[in-house]
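Survey of secondary and tertiary structure
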Amino acid sequence: MAVISNVYVFLIIYLFCIISSFSLSETTASNATGFTANLIHRDSPISPLYNSNDNHFCRLRSSFYRSIMRANRFRPNSVSVKALQSDIVPGGGEYFMRISIGTPPVELLAIADTGSDLIWVQCQPCDLCYQQKSPIFDPRRSSSYREVSCGSRICNALNSEARVCTPRGSVKACGYSYSYGDHSFTDGLLATERFTLGSMNSSSVYLQPVAFGCGTRNGGTFDETGSGIIGLGGGSLSLISQLTTKISGKFSYCLVTISEESNNSTSKISFGIDMLVSDPDSVVSTPLVSKEPDTFYYLTLEAISVGNKRLSYKHSLNENVQEGNIIIDSGTTLTFLDSEFFNELESALEEAVEAERVSDPHGIFSICFRDEKDVNLPIITAHFTDADIELQPVNTFAKADKDLLCLTMIPSNGIAIFGNMAQTNFLIGYDIEKSSVSFMPTDCTKQS
């Protein structure tokens, strides 16, 4: 689709908008059964790279272009499955975490990414490192740093195409080499280290040991405020998988709506049994589907309703709904749907919205309306297996310009993604042991 491939427009927007602002705040609680950390959206005023000269529409459009670039890295026809398993999406995501690693600890900011597995940070001595504002971690100064040997269980968890055995005296150390579609890269050694979630205070959560990539060659489009990535995907090297015993395979998050009014609020991510979504009166659950690559979290979208009109989500080549046909991802802003199905959705929305249909001058969205007073936008329901999720207009429409309301779902070929705008103001719980994802409508600004 033209929307998916419009990289040149993105580069123009990039020149006028600083789109790399991000940050993270600290862990808030810890106990034997769970702990919670704050997430701050990269476009929030709390972000250290927030540029007050950019207006809300500019920042919003930049996040839309980032999600289009990110979606291209999920596409199965753009990269082999094997390569995809050892890939990290450029830019990583929209939310970030504060971590400290080593003994004594070094505090860093890292991208929290449900679309990748490997945890990695920049490390000294750098053969080649991108500029970083915070101190670069030096493992030689940490008493808890341990290199991983080639052939070990942890090393074998790396995809074979990403694994490199490196001679280190009498043994071979486990090296890794990751590359990206935008020519960014990270290379280094796999190691274990003591990690701390949050700032260094009494509420910090200590995790030891954690396997991670100590990157000594890193470059490309990574931003100077970020030190690396915290992988929260389903693969064996992700933080979720490494903590599975401690957190009983459970984590949840509650994402605040990104708007001019709520940008100072923080989203939450919680780990452990106490953090499971469990209100029987308002929670619905849908099965997680096991597919390759196991990094991603797959759900089955059976239909979408516009008001009372239900549209079955079927692929043109198969009259049956395909199991595991959509990825739920916190790092992608927009929602991407099969292009042929999208044509049906477009017709249903034209009937439901009594407003003037207009074109998006920026070329991002397929469905836009003139933003007039008292525009009545419909409830759009996503019908997952065993779970109907009622999406409010704030989940499905965005004021893309002063007089422009656009549907934040766009057509795509080869990949479907349930993005973070659709997930805002839901407490979303992942139970890896039971293979399910739960949704509960929640005012995420009131989550503690």
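Residues numbered from 1 in each chain as written. Predicted model: local features only at pLDDT ≥ 70, side-chain atom pairs only at ≥ 80, totals over all residues. Heavy atoms only, no water.

Right, let's get into the overall build of the chain. Scanning the chain for helices and strands turns up nine helices and 29 strands. Within the chain, buried positions represent 59% of all 448 residues. Considering only contacts within the chain whose residues lie at least 6 apart along the sequence, 70% involve residues at least 24 apart. Element-wise, carbon and sulfur atoms account for 48% of the exposed surface of the chain, whose accessible area totals about 18200 Å². (Helix = DSSP H or I, 4+ residues; strand = E, 2+ residues; numbered from the N terminus. Buried < 20%, exposed > 50% of the residue type's maximum accessible area, 1.4 Å probe, protein only. Contact = heavy atoms within 4.5 Å. Areas by Shrake-Rupley, 256 points an atom, 1.4 Å probe, with all protein chains shown as cover.)

Next up on the list: the state of the cysteines. Tallied over the full model, the rule gives six disulfides. A disulfide bridge connects cysteine 126 with cysteine 129, and the sulfur atoms are separated by 2.0 Å. Measuring the twist about the S-S bond at about -80°, one finds the cysteine 126-cysteine 129 disulfide to be left-handed. Here cysteine 254 engages in a disulfide with cysteine 444; their sulfurs sit 2.0 Å apart. Because the torsion about its S-S bond is -80°, the bridge between cysteine 254 and cysteine 444 counts as left-handed. Taken together, the positions of cysteine 254 in strand S12 (residues 250–254) and cysteine 444 in the segment after strand S29 (436–441) put the pair 190 residues apart, joining distant regions of the chain. (Disulfide = S-S within 2.5 Å.)

Here the bond from glutamine 124 into proline 125 is cis, since omega is -5°, no more than 30 degrees from zero. Among the secondary structure elements, proline 125 is positioned in the loop between strand S5 (120–122) and strand S6 (146–147). Cis geometry marks the peptide bond from glutamate 292 to proline 293, where omega comes out at -5°. Mapped onto the fold, proline 293 is located in the loop between strand S14 (284–287) and strand S15 (298–299). A positive phi angle, near 55°, is found at serine 248, a position not held by glycine. Summarising the element assignment, serine 248 is placed in the loop between helix H6 (244–247) and S12. The phi angle at asparagine 425 is positive, at roughly 60°, despite the residue not being glycine. By the element assignment, asparagine 425 lies in the loop between helix H9 (420–423) and strand S28 (426–431). Of the residues examined, asparagine 425 reaches a relative accessible area of 25% and is grouped as partly exposed.

By secondary structure assignment, the location of threonine 225 is in the loop between strand S10 (205–219) and strand S11 (228–231). The exposure class of threonine 225 is buried, given its relative accessible area of 6%. C-alpha of threonine 225 to C-alpha of serine 134: the two residues are 91 residues apart in sequence and 7.0 Å apart in space.

Turning our eyes to something else, we now look at the sheet that holds strand S17 (residues 309–312). Spatially, S17-S16-S22-S23 is the arrangement adopted by the four strands of the open sheet, whose pairing is antiparallel. Of all strands in the sheet, those with a lone pairing partner are S17 and strand S23 (387–391), marking the two edges. Between one strand axis and the next, the sheet turns by 20° as a mean value, whatever way the strands run. (Pairing = 2+ DSSP bridges. Axes fitted to C-alpha atoms, helices over the stretch in contact; angles between N-to-C directions.)

Let us look at the pairing of strand S9 (residues 185–197). Each regular strand displays side chains that alternate between the two surfaces of the sheet. When you tally the buried positions in S9, you get 12 out of 13 residues, the bulk of the element. Sheet topology places strand S3 (residues 95–101) next to S9; three bridges connect them, and they run antiparallel. By the bridge assignment, isoleucine 99 is partnered in S9 with leucine 197. Looking at chain direction, S6 and S9 are connected through two bridges and run antiparallel. Across the sheet, arginine 146 pairs through a bridge with threonine 192, a residue of S9. Examined bridge by bridge, strand S8 (residues 171–179) and S9 share five bridges and lie antiparallel to one another. When the sheet's bridge partners are listed, serine 179 is paired in S9 with phenylalanine 185. Of the pairings in the sheet, the one linking S9 to S10 comprises 12 bridges and is antiparallel in character. Its bridge partner lying in S10, phenylalanine 185 is registered against glycine 219.

Here we take up the UniProt feature "active site" (unreviewed entry) in the chain. This chain's UniProt record puts "active site" (unreviewed entry) on Asp113 and Asp329. For the annotated residues, spread through 217 residues, the largest C-alpha to C-alpha distance comes to 8.4 Å, consistent with a single compact locus. Among the secondary structure elements, aspartate 113 is positioned in strand S4 (residues 106–113). With respect to the element layout, aspartate 329 can be found in the loop between strand S18 (326–328) and strand S19 (335–338). A polar side-chain atom of aspartate 329 sits 2.5 Å from a polar atom in the side chain of threonine 332. (UniProt positions renumbered as here; feature names shortened; annotations may be inferred. Polar contact = N/O pair within 3.5 Å; in protein donor to acceptor, adjacent residues only side chain to side chain.)

Turning to the nonpolar core, a few remarks are in order. If you look at the biggest cluster of nonpolar residues, it comprises 75 residues, and the most contacted ones within it are Phe212, Phe271 and Leu345. Counting contributing residues, this core receives three or more from each of domain 1 (34–255) and domain 2 (277–441). Within the second largest apolar cluster, 22 residues are counted, among which are Ala71, Phe336, Ile364 and Ile417. (Core = buried A, V, L, I, M, F, W, Y, C linked by side-chain atoms within 4.5 Å. Domains from an automatic or database assignment.)

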